[in-house]
Amino acid sequence: MTAPVFVVDRVTPGTLTLDGPEGRHAVSVKRLRVGEEIVLTDGAGTGAYGTVAAVEGKDRLEVTVAEVREEPAPEPRITVVQALPKGDRGELAVETMTETGVDAVVPWTAARCITQWKGDRGLKALAKWRATAREAGKQSRRLRFPEVADPASTRQVAELLAGADFAAVLHEEGAEPLATAALPATGHLVLVVGPEGGVSPEELAVFAAAGAGPYRLGRSVLRTSTAGTAATALLLGRTGRWS
């Protein structure tokens with residue numbers, strides 16, 4: 001059994017305390033006991049590998065750290081701009097992209113999005129996306145969790161695309177396949193995934209002016225909640241991050 005991963009605010013050598021919700025999950029749900037292996041991470045690239053030294057009550061344990069590891073920021077960095085899907089498909093997209101290896105997710109309020117994030121509802125939805133990224137990062141044993149940014153407008157997405165080293169809009173009518181696009185070995189790669197209704201012609205024009213052309217993934221048309229994961233996997237393989 002591989003050692004489970006839990007989140008702490010700060011990772012240091014020596015002895016660390018895991019308490020609060022994470023400690024409760026470790027003690028009461030995972031039922032970790034003295035001597036079992038555990039990994040603690042700050043989610044920003046640092047991980048402490050050690051063993052449980054003591055269990056105190058139902059929500060607290062002490063960990064003896066044997067080794068602290070640093071996970072460098074990967075190159076190239078991959079960001080997916082994800083249009084807001086219906087229902088819980090947004091969390092599904094964030095979960096699978098995190099497990100695959102995306103570095104950042106930007107929620108996008110596209111013109112054809114049925115879902116709209118406004119007021120408290122929007123704040124709750126964003127919090128769910130961020131919690132999903134955190135839990136998926138733990139599940140996939142990542143030391144560096146993806147950032148889930150604040151929701152972006154089309155103008156803000158265009159600014160992000162303009163500053164990227166490679167930018168692409170996933171589109172079924174794209175003339176060039178993403179599988180053959182020329183990719184930089186380092187820098188920032190940004191992909192745009194549209195909503196169920198597709199990226200509007202006006203949005204395509206804005207993104208093209210920012211340097212992001214339309215690219216297709218394959219013969220089949222993927223749903224908005226799965227396209228980002230498939231594209232991320234493709235880029236991870238092509239850039240050598242999966243080698």
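Thresholds applied
Residues numbered from 1 in each chain as written. Predicted model: local features only at pLDDT ≥ 70, side-chain atom pairs only at ≥ 80, totals over all residues. Heavy atoms only, no water. UniProt positions renumbered as here; feature names shortened; annotations may be inferred. Core = buried A, V, L, I, M, F, W, Y, C linked by side-chain atoms within 4.5 Å. Buried < 20%, exposed > 50% of the residue type's maximum accessible area, 1.4 Å probe, protein only. Helix = DSSP H or I, 4+ residues; strand = E, 2+ residues; numbered from the N terminus. Contact = heavy atoms within 4.5 Å. Salt bridge = Lys/Arg side-chain N within 4 Å of Asp/Glu carboxyl O. Pairing = 2+ DSSP bridges. 1 Å grid on protein atoms, 1.4 Å probe; cavity = no way out; pocket = protein on both sides within 12 Å on 5 of 7 lines; lining within 4 Å. Points joined across faces, edges and corners; volume = space filled by probe spheres on them. Nonpolar A, V, L, I, M, F, W, Y, C, P; charged D, E, K, R; others polar. Phe/Tyr/Trp six-rings, centres within 6.5 Å; stacked < 30°, edge-to-face > 60°. Lys NZ or Arg CZ within 6 Å of the ring centre and 35° of its normal.

Going by what an unreviewed UniProt entry lists, the chain is known as Ribosomal RNA small subunit methyltransferase E and is assigned to Streptomyces pyxinae. Recorded under Function (unreviewed entry), the UniProt text for the chain is reproduced unchanged: "Specifically methylates the N3 position of the uracil ring of uridine 1498 (m3U1498) in 16S rRNA. Acts on the fully assembled 30S ribosomal subunit." We quote the UniProt Catalytic activity (unreviewed entry) comment for the chain here in full: "uridine(1498) in 16S rRNA + S-adenosyl-L-methionine = N(3)-methyluridine(1498) in 16S rRNA + S-adenosyl-L-homocysteine + H(+)".

S.K.: Explain the nonpolar core to me, please; I cannot follow it from the model alone.
M.R.: Among soluble globular proteins, nonpolar side chains are generally buried collectively. Membership of the largest hydrophobic core comes to 47 residues, with the highest contact counts inside it found for Trp108, Val157, Leu161, Leu178, Val192 and Phe207. Among the secondary structure elements, those contributing two or more residues to this core are β6 (77–83), α2 (89–100), β7 (104–108), α3 (119–139), α4 (154–162), β9 (166–170), β11 (188–193) and α6 (224–238). Among all residues touching Leu178, those that are not within four sequence positions of it are Phe166, Ala168, Leu170, Leu191, Tyr215, Arg216, Leu217, Ala231, Leu234, Leu235 and Arg238. Among the nonpolar cores identified, the runner-up in size contains 15 residues, and Leu16, Val27, Ala48 and Val65 belong to it.

S.K.: How do you make sense of the pattern of salt bridges when you look at a structure like this?
M.R.: Side-chain pairs of opposite charge can arise whenever the charged atoms involved come near each other. Applying the stated criterion across every chain yields a total of twelve salt bridges. Taking the shortest distance from any N to any O, the salt bridge between Glu56 and Arg60 comes out at 2.7 Å. The partner of Asp103 in a salt bridge is Arg241, and the shortest N-O contact between them spans 2.7 Å. A residue pair is termed long-range when its members are at least 10 positions apart, and Asp103 in the loop between α2 and β7 and Arg241 in the segment after α6 qualify at 138 residues. The buried category is assigned to Asp103, whose relative accessible area is 7%. Taken together, the salt bridges that share partners define one network made up of Asp19, Glu56, Arg60 and Glu62.

S.K.: Help me out: how do you make sense of the pairing of strand β4 (residues 46–55) in this one?
M.R.: Looking down a regular strand, the side chains alternate between one sheet face and the other. As defined by bridge partners, strand β3 (residues 37–41) adjoins β4 across five bridges and the pair is classed as antiparallel. Across the sheet, the residue bridging to Thr41 is Gly47, located in β4. Where β3 folds back onto β4 in an antiparallel hairpin, the turn is made up of four residues, including Gly43, whose phi is positive at roughly 75°. As paired elements, β4 and strand β5 (residues 61–70) share nine bridges and run antiparallel to each other. Its bridge partner being in β5, Thr46 is matched across the sheet by Glu70.

S.K.: How should I be thinking about the UniProt feature "domain: Ribosomal RNA small subunit methyltransferase E PUA-like" (unreviewed entry) in the chain in this particular structure?
M.R.: The sites that UniProt annotates as "domain: Ribosomal RNA small subunit methyltransferase E PUA-like" (unreviewed entry) are residues 18–65. Here residues 18–65 runs as 21% helix and 44% strand, with 12 Å between its end C-alpha atoms.

S.K.: Can you walk me through unusual backbone geometry in this structure?
M.R.: With the exception of glycine, most residues fall at negative phi, and the peptide bonds are largely trans. In this model, Glu75 is joined to Pro76 through a cis peptide bond whose omega is -10°. With a phi angle near 60°, Arg141 is a residue other than glycine that sits in the positive phi range. A relative accessible area of 37% places Arg141 in the partly exposed class.

S.K.: Sorry if this is basic, but what is going on with the layout of surface pockets here?
M.R.: Space left empty within the atom packing is revealed by a probe, the size of a water molecule, rolled over the atoms. Estimates place the volume of the largest pocket at around 490 Å³. Around the largest pocket sit 24 residues that line it, and Leu170, His171, Glu172, Val221 and Leu222 are the ones nearest its centre. Among the residues forming the lining of the largest pocket, the class breakdown is ten nonpolar, seven polar and seven charged. Looking at the second largest pocket, its volume works out to about 240 Å³. What lines the second largest pocket is a set of twelve residues, and nearest its centre among them are Pro4, Val5, Lys30, Lys138 and Gln139. Listed by contribution, the elements that provide at least two residues to the lining of the second largest pocket are β1 (5–7) and α3. At three residues, the largest contribution of residues to the lining of the second largest pocket is made by α3. Residues that form the lining of the second largest pocket fall into these classes: five nonpolar, three polar and four charged.

S.K.: Looking at this structure, I do not really get the packing of aromatic side chains. What am I missing?
M.R.: For any pair of aromatic rings, geometry is given as the distance between the ring centres together with the angle between the planes. Within the structure shown, the criterion is met by three aromatic pairs. For the pair Trp117 and Trp129, a centre-to-centre distance of 4.9 Å together with 80° between the ring planes defines the contact as edge-to-face. In this pair, Trp117 sits in the loop between β7 and α3 while Trp129 sits in helix α3, placing the two residues twelve residues apart along the sequence. For Arg69, the ring lying beneath its charged end belongs to Tyr49, and the centroid distance is 3.8 Å.

S.K.: What should I look at first to understand the environment of Glu37 in this one?
M.R.: Among the secondary structure elements, Glu37 is positioned in strand β3. Glu37 sits 166 residues away from Glu203 along the chain, and the two C-alpha atoms are 50 Å apart. The residues contacting Glu37, other than those within four sequence positions of it, are Ala3, Pro4, Gly50 and Thr51.

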